[in-house]
Amino acid sequence: MMDISRAGLCFQCFADSDRPGDYSTLDIFASQSDLTIRSVSFRTVSTAVKNGSAFSTAIMKRCGVRFESLSSEQMEGLDHYLLNHTSGQA
C-alpha cells in the first residue's frame, strides 16, 4: 500500500500479476497497525507501469482504486487507521 484516504488507496504490484479490474473486492491489512478491513468493494481508477530500477528486472505497476459502498464498520476502521497511523498530509 502506497497511499490511502477515505476515498480509496494506491498500491504497487508486479506488472505481470492479475489486473485489479478482474476483482471487485479487496481486503486491507497493515502490518504496522491493527488495521484489518475485509471485503471492501472498489473500482479501479488508474493503472500505470513504473520503470524498473537498474538493480532489478522486475517491472512494477501502480494501481489506484476508489472505495465503493463502505459499511459503517469498514469506515470506522479506516477512519481509526487514518487518524492514528498517517500524517494527514496530501
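No experiment lies behind these values; they were computed from the predicted model shown.

Comments concerning the environment of Thr25
Mapped onto the elements of the fold, Thr25 is located in strand β3 (residues 25–29). When neighbours within four sequence positions are excluded, Thr25 is seen to be in contact with Ser39, Val40, Ser41 and Phe42.

Looking at the sheet that holds strand β5 (residues 60–67)
The pairing of strands in a sheet comes from backbone hydrogen bonds and takes either a parallel or an antiparallel form. In spatial order, the strands read β1-β2-β5-β4-β3; together these five strands make up an open sheet with antiparallel pairing. Either end of the sheet is taken by a strand with one partner, and the two such strands are β1 (3–4) and β3. Each of β1, β4 (36–50) and β5 is contacted by helix α1 (residues 72–85), which is oriented at about 65 degrees to β4, the strand it contacts most.

Some points on the environment of Arg6
Along the chain, Arg6 falls in the loop between β1 and β2 (8–14). When the C-alpha atoms of Arg6 and Arg66 are compared, they prove to be 9.0 Å apart, with 60 residues separating the residues in sequence. Leaving out residues up to four positions away in the same chain, Arg6 has contacts with Phe67, Leu70, Met75, Leu78, Asp79 and Leu82. Within the structure, Arg6 has its side chain in polar contact with the side chain of Asp79 (distance 2.7 Å).

Rules behind the numbers
- In this numbering scheme, every chain counts its residues from 1 along its sequence in written order.
- At least 70 in pLDDT is required for a residue's local features to be given in this predicted model, at least 80 for side-chain atom pairs to be given and counted, and no such filter applies to totals for whole chains, interfaces and linings, which use all residues.
- Values shown for side chains rest on all heavy atoms present in the structure; no hydrogens or waters enter the calculation.
- In this description a helix means any DSSP run of H or I spanning at least four residues, a strand means any run of E spanning at least two, and both kinds are numbered starting from the N terminus.
- Contact between two residues is taken to exist if any of their heavy atoms lie within 4.5 Å; hydrogens are not considered.
- Strands were regarded as paired on the criterion that DSSP finds at least two bridges between them.
- Axis geometry follows a simple rule: fit a line to the C-alpha atoms, using only the stretch in contact for helices, then measure angles between N-to-C directions, giving values from 0 to 180 degrees.
- Nitrogen and oxygen atoms within 3.5 Å of one another constitute a polar contact, given that in protein one can donate a hydrogen and the other can accept it, and given that sequence-neighbouring residues count only through two side-chain atoms.

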